[in-house]
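Residue-level listing of the chains:
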Amino acid sequence: MIAPKKPAARAGKAPAKSPAKKTPSHPDKRPHEVRIIGGLWKRTRLAVADKPGLRPTPDRVRETLFNWLASLAGAGGGELPGWHCVDAFAGTGALGLEAASRGAASVLLCEQDPALATQLSTARDKLKADKVRVERGHGVTVLERTPAGTLHAVFLDPPFENPALYEPALRAAARALRPEGVVYLEAPRRWTDDELAPLGLTGYRYLKAGAVHAHLLMPPEGGAA
């Protein structure tokens, strides 16, 4: 038996197509580079590696921070002449390299991740930053072995997802500070003076930008009343 023929499709009409499924878009909002804001290397761009938890300090926050620091240094022009600094969780190195760009006498960039430590060394060599030293290691350990009372500034930007780092880092930073020294702290929440006092610090300046709580802290004898 011969099967009946199927009716021919009408001319001019293509078979209907199923609508294409749209793949949800999740753009990467993390910056791929940050810039040095002032000093010798102003506008120099630093690469931001694609690493989980790497969260460079936003330009606007760094600009405010270094205005605060320059005011304390009292040198004019945003400079930090003679300052000795440690960037204890350096990441991109944006904080420590900014300090070096503004005339700091020495800056130690400490980073535990080997790839990031290599990137920091590359950036230092490219800038010919002879006042900058890069060390692969744990930020708290580096601060604990720093001679007491020697640092003008400690930059603390630990991973937000590791809250256990904050208290030991703050305690070690406070011990390493000169009497007029400062600690810059980034955290996912605001730290109160009641929490800071047992660690040897008090609040001096504060701002919030998005999820970042930025603190400038001092020893109690140097902090604001």
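Refer to the preceding data block for the structure.
The present account deals with the structure reproduced in this document. (Residues numbered from 1 in each chain as written. Predicted model: local features only at pLDDT ≥ 70, side-chain atom pairs only at ≥ 80, totals over all residues. Heavy atoms only, no water.)

1. Some words on unusual backbone geometry
Working step 1: Positive phi outside glycine occurs at Arg43, with the angle close to 75 degrees.
Working step 2: Of note, Arg43 is situated in the loop between β1 (33-35) and β2 (45-47).
Working step 3: Residue Lys128 is not a glycine yet carries a positive backbone phi of 55 degrees. (Helix = DSSP H or I, 4+ residues; strand = E, 2+ residues; numbered from the N terminus.)

2. Overview of the environment of Glu144
Working step 1: For Glu144, the position within the fold is in helix α4 (residues 139-144).
Working step 2: A residue is classified by how much of its surface remains accessible, and Glu144, at 49% relative accessible area, is partly exposed.
Working step 3: As a C-alpha pair, Glu144 and Ala174 span 30 residues in sequence and 10.0 Å in three-dimensional space.
Working step 4: Excluding anything up to four places from it in sequence, Glu144 contacts Ala172 and Arg175. (Buried < 20%, exposed > 50% of the residue type's maximum accessible area, 1.4 Å probe, protein only. Contact = heavy atoms within 4.5 Å.)

3. Brief notes about the packing of aromatic side chains
Working step 1: The tally for this structure, following the rule as stated, stands at 2 aromatic pairs.
Working step 2: Pairing Phe66 with Phe155 gives two aromatic rings, centres 6.0 Å apart and planes at 35 degrees, and the pair type is tilted. Here Phe66 is found in helix α1 (residues 59-73), whereas its partner Phe155 is found in strand β6 (residues 151-156), with 89 residues between them in sequence.
Working step 3: The class of Phe66 is buried, set by a relative accessible area of 0%.
Working step 4: Aromatic pair Tyr166 and Trp191: ring centres 6.2 Å apart, planes at 25 degrees, arrangement stacked. (Phe/Tyr/Trp six-rings, centres within 6.5 Å; stacked < 30°, edge-to-face > 60°.)

4. Observations concerning the environment of Arg124
Working step 1: Relative to the helices and strands, Arg124 resides in helix α3 (residues 114-127).
Working step 2: A C-alpha to C-alpha distance of 9.3 Å links Arg124 and Gly93, two positions 31 residues apart in sequence.
Working step 3: Excluding its chain neighbours within four sequence positions, the residues that come into contact with Arg124 are Ala129, Val132, Arg133 and Val134.

5. Topic: helix α2 (residues 94-101)
Think of an α-helix as 3.6 residues a turn; residues three or four steps apart then line up on the same face.
Working step 1: Where burial is concerned, most of α2 is hidden: 8 out of the 8 residues are buried.
Working step 2: For α2, the complete set of buried residues consists of Ala94, Leu95, Gly96, Leu97, Glu98, Ala99, Ala100 and Ser101.
Working step 3: Two residues or fewer past α2, Gly103 is found with a positive phi of approximately 100 degrees.

6. Things to note about the sheet that holds strand β5 (residues 132-136)
Working step 1: Read across the sheet, 7 strands follow the order β5-β4-β3-β6-β7-β9-β8 without closing on themselves; strand pairing throughout is mixed. Among the strands making up the open sheet, the edge pair consists of β5 and β8 (202-209). Between one strand and the next, the sheet's axes are offset by a mean angle of 15 degrees, whatever the strand orientation.
Working step 2: Pairing of strand β4 (residues 106-111) with β5 involves 5 bridges; the strand directions are parallel. Its bridge partner being in β5, Leu109 is matched across the sheet by Val134.
Working step 3: Against the sheet, helix α5 (residues 166-176) makes contact with β6, β7 (177-187) and β9 (212-218), and its axis sits at roughly 160 degrees relative to β7, the strand it touches most. (Pairing = 2+ DSSP bridges. Axes fitted to C-alpha atoms, helices over the stretch in contact; angles between N-to-C directions.)

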